[in-house]
Every structure is written in C-alpha cells, then in structure tokens.
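Observations on the model geometry
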Amino acid sequence: MIKNLSGYGFIPRFLGPVTLLMVLLFQFGITQSADLGQPRSLDVLVKDWQKTLDGAEKELAKPDITDRRLAALRDELTNIQLEARTAADEALPEVQVIRDELAALGPPPAEGAPPEAPTVAAKRKAMNERLAAAEGAIKEAELIMARAGRLASDVKTLRRTRFTERILTRGVSPLSPTVWRKAWSELSTGFTVIAQNLQLWRSSDTFAQDARAVGWRLALGIGAAILLAFPFRRKLIRRFGYIEVEAEPTYGQRLRTALFTGFIRALLPSTAVLALYLSLVYAELLTEPLLAVARTALVSLIFVFLVAGFSRAALAPFEPEWRLVRIHDEGARAISRTVNGLAVVFALDRVLSELGVQFNASVESTLLQKFMFGLLIAALLLSLLRPKIWFSEDGIPLSPSWRRLRYFLAILVYAIPLSGLLGYVVLSRLLATQLVLTAGLYVCVVLLRKISAEFIEDALSKTSPMGMRLRASLALSDDGADMLKFWLSGTVGLLILSIGLVVLLTLWGAAGKDLTAWLHSIFFGFKVGNITLSLADVLLALVLFAGLLAATRMIQKALDHRIFPKTRLDVGIRHSVRSATGYVGFTIAAMLAISTLGIDLSNLAIIAGALSVGIGFGLQNIVNNFVSGLILLIERPIKTGDWVVVGDHQGYVKKISVRATEITTFDRASVFIPNSTLISGALTNRTYADKVVGRVVLPLGLSHDTDAKRVRDLLLKIALDHPEIRHNPSPVVLFKGFAESTLNFELTAFLHDADKVGSVTSDLCFEIDELFRKEGIPIPFPHRDLNLNLNGDQLQQILAAARSEKTPPQPL
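First things first, this report covers the structure right here in the doc. These figures come from a predicted structure and were not determined experimentally.

Comments concerning the overall build of the chain
Regarding its fold elements, the chain presents 23 helices and 12 strands. Across the 812 residues that make up the chain, the buried fraction comes to 30%. The contacts in the chain between residues at least 6 apart in sequence include a share of 71% that link residues at least 24 apart. Of the roughly 51,100 Å² of accessible surface on the chain, a fraction of 65% belongs to carbon and sulfur atoms.

Thoughts on the sheet that holds strand S10 (residues 694–702)
Within a beta sheet, neighbouring strands are joined by backbone hydrogen bonds and run either parallel or antiparallel to one another. One open sheet holds the 3 strands; their spatial order is S10-S12-S11, and the pairing between them is antiparallel. The open sheet terminates on both sides in strands that have one partner only, identified here as S10 and strand S11 (732–738). Along the sheet, successive strands turn relative to each other by an average axial angle of 20 degrees, direction set aside. Each of S10, S11 and strand S12 (743–751) touches helix H21 (residues 708–721); the most contacted strand, S11, lies at about 145 degrees to it. Lying on the sheet, helix H22 (residues 757–775) is in contact with S10 and S12; it crosses S10 at an angle near 30 degrees.

Side note on unusual backbone geometry
For the bond from Asn728 to Pro729, the omega torsion is 0 degrees, close enough to zero to count as cis. Looking at the secondary structure, you find Pro729 in the loop between H21 and S11.

Overview of the side chain of Ser703
By the secondary structure assignment, Ser703 is in the loop between S10 and H21. Residues contacting Ser703, with those up to four places away along its chain left out, are Leu743, Pro778 and Pro780.

A closer look at a nonpolar patch on the surface
A surface patch of nonpolar side chains, amounting to about 570 Å² of accessible area, comprises Trp402, Leu405, Phe408, Tyr442, Val443 and Val446. Mapped by element, the contributors of at least two residues to the nonpolar patch are helix H11 (400–421) and helix H12 (425–459). Inspection of the secondary structure assignment puts Val443 in helix H12.

Focus: the pattern of salt bridges
Going through the model one piece at a time under the given rule, you end up with 20 salt bridges. Here Glu101 makes a salt bridge to Arg130, at a shortest N to O gap of 3.8 Å. Placement of the pair is Glu101 in helix H3 (residues 67–105) and Arg130 in helix H4 (residues 118–168), with a sequence separation of 29 residues. Residue Arg130 is classed as partly exposed on the basis of its relative accessible area of 40%. Across the pair Arg710 and Glu775 runs a salt bridge, and its minimum N-O distance is 3.1 Å. With Arg710 in helix H21 and Glu775 in helix H22, this pair connects stretches of sequence that are 65 residues apart. Assessed through its relative accessible area of 36%, Arg710 is described here as partly exposed. Within the structure, one salt-bridge network assembled from shared partners comprises Asp54, Glu57 and Arg147.

Observations concerning the packing of helix H8 (residues 288–315) against helix H9 (residues 329–358)
For any two helices packed against each other, the geometry is given by the interaxial angle and the distance between the axes. Orientation of H8 relative to H9, taken along the N-to-C sense of each, is 170 degrees, at an axis distance of 9 Å. When the interaxial angle is binned, H8 and H9 end up roughly antiparallel. Looking at side-chain class alone, the contact of H8 with H9 contains 18 nonpolar, 6 polar and 2 charged residues.

Here's the deal with the nonpolar core
Counting residues in each nonpolar core, the largest one holds 31 residues, and the members touching the most others are Leu42, Trp49, Leu53, Leu77 and Ile144. Within the residue set of this core, elements represented by two or more residues are helix H2 (42–60), H3 and H4. In terms of residue count, the dominant contributor to this core is H4 (12 residues). Those residues within four positions of Ile144 in sequence are excluded, and the remaining contacts are Val46, Trp49, Gln50, Leu53, Ile80 and Ala84. Ranked by size, the runner-up nonpolar core spans 24 residues in total, among them Trp643, Leu714, Leu764 and Ile777.

Some details on the sheet that holds strand S8 (residues 670–674)
Spatial ordering of the open sheet is given by S8-S7-S6-S5-S9, a layout of 5 strands whose pairing is antiparallel. Two strands close off the open sheet at either side, each with one partner strand: S8 and strand S9 (684–685). In this sheet, strand S7 (residues 660–665) lies alongside strand S6 (residues 649–656) in antiparallel orientation, the contact comprising 5 bridges. Within S7, the position partnered with Val653 by the bridge is Ile663.

Definitions and cut-offs
- Residues numbered from 1 in each chain as written.
- Predicted model: local features only at pLDDT ≥ 70, side-chain atom pairs only at ≥ 80, totals over all residues.
- Heavy atoms only, no water.
- Helix = DSSP H or I, 4+ residues; strand = E, 2+ residues; numbered from the N terminus.
- Buried < 20%, exposed > 50% of the residue type's maximum accessible area, 1.4 Å probe, protein only.
- Contact = heavy atoms within 4.5 Å.
- Areas by Shrake-Rupley, 256 points an atom, 1.4 Å probe, with all protein chains shown as cover.
- Pairing = 2+ DSSP bridges.
- Axes fitted to C-alpha atoms, helices over the stretch in contact; angles between N-to-C directions.
- Patch = residues over 30% accessible without salt bridge, like charges linked within 9 Å, V, L, I, M, F, W, Y side chains within 5 Å.
- Salt bridge = Lys/Arg side-chain N within 4 Å of Asp/Glu carboxyl O.
- Parallel < 35°, antiparallel > 145°, perpendicular 65-115°, else oblique.
- Nonpolar A, V, L, I, M, F, W, Y, C, P; charged D, E, K, R; others polar.
- Core = buried A, V, L, I, M, F, W, Y, C linked by side-chain atoms within 4.5 Å.

It is worth stressing that arrangement in space is one thing and function is another; only the former is reported here.
Encoded structure:
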C-alpha cells in the first residue's frame with residue numbers, strides 16, 4: 001500500500017490569505033513611500049539634485065572614501081535617477097496641455113496681417129513662456145539623469161575595483177603558526193572571561209532572588225519548546241500525515257505531500273526555539289551583545305529547520321514512493337545528510353561571525369574561522385558530487401550533460417581549499433558561499449515552477465471542482481483548456497525564471513538599487529527615439545484585454561444557460577445575440593487595451609485612412625465577407641439550423657462567423673461558404689417561412705395506357721397513410737402533362753418535421769413501387785429509334801448469321 005497525505009487541502013486556502021496579505025502590504029508600502037508633503041516644483045527639485053550631485057562628485061574625488069559611503073552614494077544616485085525620471089514623466093502632461101491651449105488659439109498672425117487682440121496676444125505670450133519653462137525643466141531633469149548615471153557608473157567601477165583587489169589580494173596563510181597561536185589565545189581568553197562572569201554572578205547576593213524570578217519563565221519556555229519540537233510535531237504528522245491509498249501517487253500528490261510535511265517539520269521546531277528565545281528575553285538574562293547573538297542563533301536555527309524539513313520531504317529518504325527526485329535510496333539519504341550538514345555549517349558560521357562582531361574578534365580568529373568552515377563546506381560539496389549518488393531510481397546514470405556539469409562543479413569545489421591554503425581566504429569563502437546559494441536558488445526555482453504548473457493543471461482539470469467551474473464559466477473545450485494551460489504555465493514559468501535571474505545577479509554582486517533602476521526603466525518606461533515604451537503598460541493592457549474577453553465569454557455563457565432558456569427566441573436569434581455580444585466585448589476590450597498603451601484613439605482614424613488603400617486592393621474580399629456577415633446577423637435571411645441550398649451544396653446552417661458560414665450537409669460534411677456569396681448570390685432557404693414544416697415533391701412518369709384518375713387516387717392514399725405527412729394542407733397530385741413516352745405526374749406533400757424529408761421521400765418511393773406492381777401499372781422505359789446505315793451485302797451477311805444461329809445442330 002502507498003501512503004498519501006490527507007491534510008494538504010489547506011494549502012490553497014492558506015496561500016490565498018497569504019497572497020492577499022502580501023498584496024496589501026505591498027500597496028501599503030507604496031502608499032507610505034509616497035511623498036506626504038506638498039509637491040515641489042520641478043525647478044526646485046532640479047536645484048536640490050544638482051547640490052547632491054556636486055557633493056557626490058567631491059566625495060568621489062577623495063581617495064579615502066569608505067566602502068559603506070560608496071554604497072550609500074550609489075543608493076542616493078539611483079534614487080535621484082528614479083526621481084528625475086518620475087518628475088519628468090509627470091511634467092509631460094502639463095507640456096501637452098499648454099500645447100493644446102496654444103493650438104486652440106491658432107497660429108499667430110502672419111506678417112502684414114491685422115494684429116490679434118491684445119488679450120489674445122498676452123495669453124499667447126504667457127503660454128509660450130510657460131511652455132518654454134516646462135520644457136526647460138524637463139531638459140534639466142534629463143541632464144540630471146545623465147549626470148547621475150555617469151557618477152553611478154564611476155561608483156560601480158570603484159567598488160568593482162576594490163572588490164577585485166580584496167578577493168585577489170593574498171593574505172596570511174591559515175596554516176601559519178602565528179595565526180593559530182593568536183586564535184587559540186583569544187579563544188582561551190574568551191572562555192576564561194565567560195567562566196569568571198558566571199562565577200561572579202553565582203556568588204552575588206542577588207543570585208537566588210534573580211533565579212527565582214526568572215526560573216519559572218525559563219522553565220515554561222523550555223517546556224513549551226520541548227513539547228512543540230518533539231511530541232506535538234510527531235502527533236500532528238501521525239494525525240495529518242500519511243494515509244494508505246491503492247494507486248501510485250501522481251507527481252502532484254507527491255509535491256503537495258512534500259510541501260505539507262516540510263511545513264509541519266519546519267514550523268514546530270521553529271516555534272519551539274522562538275519560545276525559548278522569548279523566555280530568555282523576558283527573563284532579562286542576556287546583555288545587549290548576547291541578545292544580538294541570540295537573535296542570530298534564532299534565525300540560524302529556523303534556517304536549519306526549514307532546510308532539514310523540506311529536504312527530507314522532497315527527498316523522502318525512507319518513503320521512496322513519495323520522492324520528488326527520482327534517485328535511488330542510498331543517493332537520497334546521502335543528499336539529505338549533506339544538505340542538512342551544509343545548513344548546520346552555515347548556521348554555525350553565522351553565529352560565530354556575530355560573536356566575533358559583538359566581542360571584537362581579531363583578524364586571525366576571523367581568518368581561521370572562515371578557512372575552517374570553507375573546508376567543511378568543500379568537504380560536504382565533494383561528498384555531494386560523488387559518482388554513485390547521481391544515478392536514477394532504476395540505476396541508470398544521468399545524462400552526459402549532467403556528468404560534465406559535475407566535473408565543472410568539482411573543479412570549483414577543489415578551488416575552495418586550494419585558494420584558502422594559498423592565502424586567498426576571501427576568494428575561497430566567496431566560492432563556497434556562492435556555490436551553495438546558487439544551488440539552493442536553482443532548487444527553489446525548479447520547485448516553484450513545478451508548484452505553479454501543478455496548480456494550473458489542477459485549476460483547469462476537468463476532474464477537479466475548481467477546474468469544472470472554470471471550464472463552465474469560460475465555456476472552455478478540452479483544446480481550449482489545454483491551450484490556456486500551456487500559455488499560463490509558460491507565462492508563470494517565465495516570470496519565475498526572471499525573478500530567479502534577478503536574485504542570481506544579486507547573489508553574484510549586482511547592486512539591488514541598480515537592478516531596481518533597471519527594472520523601473522523597463523516596467524515604467526524607456527524611450528526608443530520619440531516613443532516611450534512601458535512593459536507595465538503592455539502587461540496591464542494584455543491583462544485587461546484577456547480579462548474583458550473572459551468576462552465576455554462568461555456573459556455569453558450566462559445568455560446560453562440562464563437567459564435564453566427562459567425566453568421563446570429561436571436558435572437563430574439566440575445565435576445572433578450571442579455573436580453580437582462577442583463582437584461588442586472584443587471591440588471594447590481592444591479599445592481599452594489600446595488606450596492603456598497610451599495610444600490616442602483619435603489617431604486611429606488616420607491609420608484607418610492610410611489602410612484604406614490596402615483594404616481597397618488586398619483586403620477587399622476579407623472586408624466584404626466581414627460586412628456580409630454583419631448583414632446576415634442583422635437581416636437574418638438565414639439562421640442557425642435553417643435548411644439552405646447554395647449552388648450545388650445544401651444542408652443545415654451550423655455557424656455564421658465573421659468571414660464564412662459553416663453548412664453541415666446531409667452526409668455530415670462541413671462546407672464553408674463565404675458570406676459575400678450568400679449576400680450577392682442566389683440562396684434558397686427551405687425553412688425560412690416555417691422552420692418546422694417540410695415539403696416533399698416527387699415527380700413520376702407512367703405509360704400512356706395508364707388510368708390517370710386511378711393513379712391520382714393511389715398516390716393520395718399512399719401519402720395520406722404515411723404518419724409523417726400532414727393532412728392540412730392535404731397532399732396534392734398534379735397531372736403535369738404529356739411527354740413523348742410518359743404521362744407526367746407530381747406528388748406534393750407537407751411534413752410535420754422538415755428534417756425528415758429524405759426519409760419520407762424514400763418511404764414514398766418504396767410504397768409506390770410496391771403498390772404499382774400489384775396494380776399492374778407499369779413505369780415505361782423511354783422509346784428509342786435506332787437507324788443503321790447498311791448496304792445490301794452487309795444486310796445479307798447479318799441475316800445469314802442470324803439464321804445460322806437459329807438452326808439447331810444435326811445429330812451425329
């Protein structure tokens with residue numbers, strides 16, 4: 001039996017409030033970050049920016065400027081660029097307003113023309129001055145942006161140079177005896193000081209009183225920590241953990257199980273150490289430096305619990321059926337141990353680093369600490385790159401690309417201890433940290449893409465409740481749902497990859513402010529010539545367009561299932577209303593999307609005029625069919641479900657679309673006829689006047705010896721006896737006339753159902769043939785005269801041959 005998780009249903013309900021909370025916090029942050037004071041003019045802002053840039057330029061000229069100040073300058077310059085860009089964009093509408101007012105005044109009088117009124121001339125002068133001032137301020141802001149960008153580039157160059165010198169500068173080797181003696185001496189002194197402080201505290205007069213005051217708090221915190229970390233967590237996992245199911249779990253089930261169990265395994269121990277930390281804080285046993293170390297230890301322990309919980313949940317060392325990564329059991333256990341070991345090493349290193357900061361550790365101690373932990377990280381990474389780990393669950397080695405990547409990573413890992421031994425401790429530690437963080441980022445990106453893809457798959461699945469509701473609301477077919485899943489998964493996956501790329505650039509040294517400015521320029525506008533492009537506007541336009549189209553589909557769905565069934569409208573009118581709703585919704589969505597992009601809709605008239613020539617030549621047929629389709633929907637000479645005859649084709653109208661009309665023939669074939677053909681050509685609609693009533697017209701030719709009145713009576717009897725033929729109006733038999741070899745009759749009858757014309761015609765033919773044979777009424781063949789042009793000899797030969805064939809053979 002295979003186990004499954006019963007409690008993972010809370011995850012979508014949990015993610016909804018969390019997402020809403022994040023959105024609200026983000027919106028609150030944006031609101032709080034806005035300038036609450038009175039807005040200043042662009043001229044005043046330009047002067048302030050100019051002063052700041054002058055000061056930054058003087059500071060950059062100093063050779064002893066610190067790295068911290070360089071980072072602060074970089075942030076200030078980036079903020080100036082963003083503010084100048086925003087201020088210039090906000091000033092553009094004012095410039096456009098002034099230009100519109102000047103255009104309303106018209107051009108100034110030409111030379112020699114009568115002067116304009118003094119009031120108009122004064123207004124024109126004032127507007128020109130305002131326009132010049134506004135455009136000048138925008139130019140000043142653009143100059144500020146250019147200067148700030150140049151100074152920011154200088155700051156980045158200086159910081160990059162210093163960083164390169166720092167990591168490539170060779171220091172004292174960690175193997176030097178001087179380093180070890182100094183570090184050991186400092187460590188011994190530290191332990192001695194701690195022991196002395198404890199002894200002084202125990203021997204103080206207030207020790208017993210302090211112990212009683214804080215003892216119950218500390219005991220309560222420790223008890224709560226133990227209870228949460230062990231029994232309560234085990235009980236929750238047993239209660240909401242795994243249950244037995246029959247079938248092998250799908251990847252989605254394994255993924256949800258891993259998320260739930262990882263969350264439980266990480267949350268409760270984290271809550272336990274938080275309770276212990278709070279008990280120490282409220283007991284007031286720690287000094288300010290020790291409190292800082294305790295905070296670092298708390299964060300480090302929570303990090304260890306998160307890594308341990310989710311790595312065990314994903315790798316499932318002891319539950320191979322629920323393993324997300326398809327590797328063998330030994331490899332899963334080895335990777336889980338190594339990942340947990342890396343988390344512990346990083347946590348210890350972070351706590352020791354905080355201890356060194358709070359108690360002013362020497363350079364030698366810090367150097368030795370970084371080197372030793374770098375060796376531990378390298379050893380763990382090398383154990384992770386062992387060949388026997390990287391096999392699939394079936395024992396098949398991984399692809400050659402993975403093997404090449406493993407060799408490359410092994411070279412980088414070997415460079416960690418080697419560079420440290422040579423004295424490049426900073427470079428050694430940088431390699432160790434960045435390798436682990438990059439690998440963790442890769443795992444997070446892959447996991448997020450899997451989670452998003454699984455969520456989209458479940459949201460649009462035809463078996464899940466959410467998927468059934470979405471499919472019904474949006475009227476999605478299987479192909480439409482598959483297409484929507486493809487595009488949604490691709491878009492969300494691309495977004496996750498983009499975020500991962502930004503984080504990766506940050507991990508490898510890219511400044512956050514620089515990335516912020518770059519993303520701001522992409523999302524909120526960058527100029528290409530005279531055109532300002534904004535990715536945010538494009539995304540908003542796409543979302544708005546897609547949302548309005550989805551709303552249109554939902555309205556059409558409501559019309560089909562809620563409104564039309566309560567009316568007496570026929571199918572054709574319903575189809576016309578539904579199609580018109582779709583056209584109107586599409587038009588509104590397109591116009592709003594175009595407006596969101598910042599395109600003036602009044603300019604579309606110019607574009608339409610420019611395209612008129614192309615429409616007149618190349619797109620004439622398409623426009624003709626489109627207009628014809630609108631005429632068909634408005635005049636409704638044909639409707640969905642009508643029986644029509646167009647040329648050699650006849651059948652039922654299935655759909656009237658923009659370009660063509662689909663007709664389903666009687667042999668279930670689909671014929672697409674251009675709408676212009678239906679409007680300009682001959683069209684027979686057999687069910688236009690009365691859709692229900694059908695008509696059968698059956699011509700018949702009989703011998704000249706036949707009694708015409710008898711034939712009429714027999715045909716009327718056959719027609720009236722058929723259950724599908726109406727008695728009112730009654731069938732009619734017409735004597736159509738005398739032909740060369742037949743008397744021509746025509747039977748006309750009306751049916752209750754127009755869809756049964758073919759079957760009723762066949763039934764009548766069978767009955768007429770059977771009854772006429774009984775009555776001895778023949779259906780003659782046409783008479784034909786054959787003329788042979790033969791001479792006398794040819795005729796004699798033919799007659800002789802005929803006589804010889806008639807002569808019987810003589811007996812032997």
